[in-house]
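Spelled out from the first residue to the last, the chains are:
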Amino acid sequence: MRHPVLAGIDGSAHSSAAADWAAREAALRGVPLRLIHASPPLPGSAVPAPAVDRLRHMGERMLQRAVTDLSDRYPDLDLRGEHADDTPASALLEAARAAGLLVVGTRGTGGFDGLAVGSVALRMAMAAPCPVVLVPPGHAQVFGEGAHTARGAARVVVGFNAHHPVGEVADFAFAAAEARGADLRVIQAWALPADSVSPRTLAVTEEDRATWEDQEALQLSDALRAWQEKYPRVTVRPDVMLLHPAEALLNTSGGAELLVVGRRTDARAVEGRMGPITHAVLHHARCPVAVVAHTR
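Residues numbered from 1 in each chain as written. Predicted model: local features only at pLDDT ≥ 70, side-chain atom pairs only at ≥ 80, totals over all residues. Heavy atoms only, no water.

Undergrad: Tell me about the overall build of the protein, and name the residues and values.
TA: Along the backbone of the protein there are eight helices and 10 strands. Here the contacts in the protein between residues at least 6 apart in sequence split such that 81% fall between residues at least 24 apart. Only carbon and sulfur atoms are counted for the fraction: they give 53% of the accessible area of the protein, which is about 15000 Å². (Helix = DSSP H or I, 4+ residues; strand = E, 2+ residues; numbered from the N terminus. Contact = heavy atoms within 4.5 Å. Areas by Shrake-Rupley, 256 points an atom, 1.4 Å probe, with all protein chains shown as cover.)

Undergrad: Requested: an account of the environment of Gly181, with residues and values cited.
TA: Examined against the element boundaries, Gly181 turns out to sit in the loop between helix H5 (167–180) and strand S7 (183–189). For Gly181, a relative accessible area of 7% gives the class buried. (Buried < 20%, exposed > 50% of the residue type's maximum accessible area, 1.4 Å probe, protein only.)

Undergrad: I'd like a description of the pairing of strand S6 (residues 155–159), backed by residues and values.
TA: Relative to S7, S6 is paired through five bridges, and the arrangement is parallel. Bridge pairing in S7 places Val157 opposite Arg185. Each parallel crossover has a hand, and the one from S6 via H5 to S7 is right-handed. (Pairing = 2+ DSSP bridges. Right-handed = clockwise from strand over helix to strand, strands pointing away.)

Undergrad: Can you explain the nonpolar core? Please cite residues and give values.
TA: Generally speaking, a soluble globular protein has its nonpolar side chains buried in company with each other. Leu33, Leu35, Val103, Phe160, Leu184 and Val260 are the most contacted members of the largest nonpolar core, which has 53 residues in total. Once you skip the residues sitting within four places of it in the chain, Val103 turns out to touch Val5, Leu6, Ala7, Gly8, Ala18, Trp21, Ala22, Val133 and Val135. One finds Ile36, Ala125, Leu259 and Ala285 within the second-largest nonpolar core, a separate group that totals 38 residues. (Core = buried A, V, L, I, M, F, W, Y, C linked by side-chain atoms within 4.5 Å.)

Undergrad: Go over the packing of helix H3 (residues 88–95) against helix H4 (residues 119–127), please, and point to the residues and values.
TA: In the contact formed by H3 and H4, the axes pass within 10 Å of each other and the chain directions differ by 30 degrees. With respect to their mutual orientation, H3 and H4 come out roughly parallel. Regarding H3 and H4, the two cross each other, and that crossing is right-handed. On H4, the residues touching Pro88, Ala89, Leu92 and Leu93 of H3 are Val120, Arg123, Met124 and Ala127. Residue classes in the contact of H3 with H4 are distributed as seven nonpolar, no polar and one charged. (Axes fitted to C-alpha atoms, helices over the stretch in contact; angles between N-to-C directions. Parallel < 35°, antiparallel > 145°, perpendicular 65-115°, else oblique. Left-handed = near helix turned anticlockwise from the far one by under 90°. Nonpolar A, V, L, I, M, F, W, Y, C, P; charged D, E, K, R; others polar.)

Undergrad: Before we move on, can you summarise the sheet that holds S6 with the specific residues and values?
TA: Spatial strand order, S3-S2-S1-S4-S5-S10-S9-S6-S7-S8: 10 strands in an open sheet with mixed pairing. At either end of the open sheet lies a strand with only one pairing partner, and these are strand S3 (79–84) and strand S8 (236–241). The sheet shows a mean angle of 25 degrees between the axes of neighbouring strands, taken without regard to direction. Here strand S1 (residues 5–8) pairs with strand S2 (residues 33–38) via four bridges, running parallel. From the neighbouring strand, Leu6 faces S2, where its bridge partner is Arg34. Contacts between helix H1 (residues 13–29) and the sheet are confined to S1, S2, strand S4 (101–105), strand S5 (132–135) and strand S9 (258–264), with S4 contributing the most and set at about 155 degrees to the helix. Contacts from H3 reach S1, S2, S3 and S4, with the element oriented near 155 degrees to S2.

Undergrad: Run through the environment of Ala179, naming residues and quoting values.
TA: Note on placement: Ala179 falls in helix H5. In this structure, the C-alpha to C-alpha distance between Ala179 and Val234, residues 55 residues apart in sequence, is 9.2 Å.

Undergrad: Break down the packing of aromatic side chains for me, citing the residues and quoting the values.
TA: What describes a pair of aromatic rings is the distance from one ring centre to the other and the angle between the planes of the rings. Within the structure shown, the criterion is met by two aromatic pairs. A ring pair is formed by Phe160 and Trp227, whose centres lie 5.9 Å apart and whose planes are at 85 degrees; its orientation type is edge-to-face. Separated by 67 residues along the polypeptide, Phe160 in the loop between S6 and H5 and Trp227 in helix H6 (residues 206–230) bring together distant segments of the chain. You can call Trp227 buried: its relative accessible area is 13%. (Phe/Tyr/Trp six-rings, centres within 6.5 Å; stacked < 30°, edge-to-face > 60°.)

Undergrad: Describe in detail helix H7 (residues 245–253), supporting the description with residues and values.
TA: Turning to H7, its buried residues number three or more, namely Ala246, Ala248, Leu249, Leu250, Thr252 and Ser253. Where H7 is buried, its residues meet S6, S7, S8, S9 and helix H8 (276–284).

Undergrad: Kindly report on the side chain of Ser12, identifying the contributing residues and their values.
TA: Examined against the element boundaries, Ser12 turns out to sit in the loop between S1 and H1. A distance of 2.7 Å separates polar atoms of two side chains, one belonging to Ser12 and the other to Asp10. (Polar contact = N/O pair within 3.5 Å; in protein donor to acceptor, adjacent residues only side chain to side chain.)

Undergrad: Account for the pattern of salt bridges, naming residues and giving values.
TA: Pairing is possible between side chains that carry opposite charge, provided their charged atoms lie close to one another. This structure, assessed with the given rule, holds 13 salt bridges. For Arg180, the salt bridge goes to Glu25, with nearest N and O atoms at 2.0 Å. Remark: Glu25 occurs in helix H1 and Arg180 occurs in helix H5; sequence separation between them is 155 residues. Three or more residues joined by partner-sharing salt bridges are found here, namely Asp20, Arg24, Asp69 and Arg73. (Salt bridge = Lys/Arg side-chain N within 4 Å of Asp/Glu carboxyl O.)

Listed below in structure tokens is the structure:
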């Protein structure tokens, strides 16, 4: 993929972490990095022109500092900064049309203490036309160490449904693991059949539970075969869990370098949409989360 990596910055610590993560990702992929800073026009005509110019100048200086800092740390990276006279969400969505990946902090300068995911980050995850990675603070220098990371030391996690495999999500996760020499942990969450926990059934035997779990594991193995053949260098670690999907994914996020989930697109939803599992993961995961759109 030769499309650039795109990152939004606003001067916050969260966006700085995202920009650094994006720089490492762009260097790993061998593609350019674009930094976008947006400052929408101030409302009304009563705002003095010098104040408008001063705010724009401050934004441009902040953007240039970010470009200089990343250029110093990643001297071989093709990097440029762009200023947009638009709202952050609109500017990023427009720029993402030509990007291979959009990276944002989980929140920006707005919001309040304790807010897990800000409005712009959530909008990007719901509506961006390319995959989106949301980076929490403290994860800027963990992922993508390249030659300094031993093969298998890093770990990518992906949520997978063997009954309805999603190619876009699986391809993204396998490619991410392959690029980093990382293991790929594939999480298949499952539940007991409804009739096994009816009011007339007081208990499920261990034998029955083991049988159902074996069936899930076999179906997962069969569903993954095509991707294992496509990405033979990736070490796959299937994990079948008798848990709610969101709980299963969140339990693995603490030790992961990247967690990959899907988002079904809906042409009828102008602002995009997101299912409850992905929504829960974004608000509670303890690692960067990639959201990959798919059509089914």
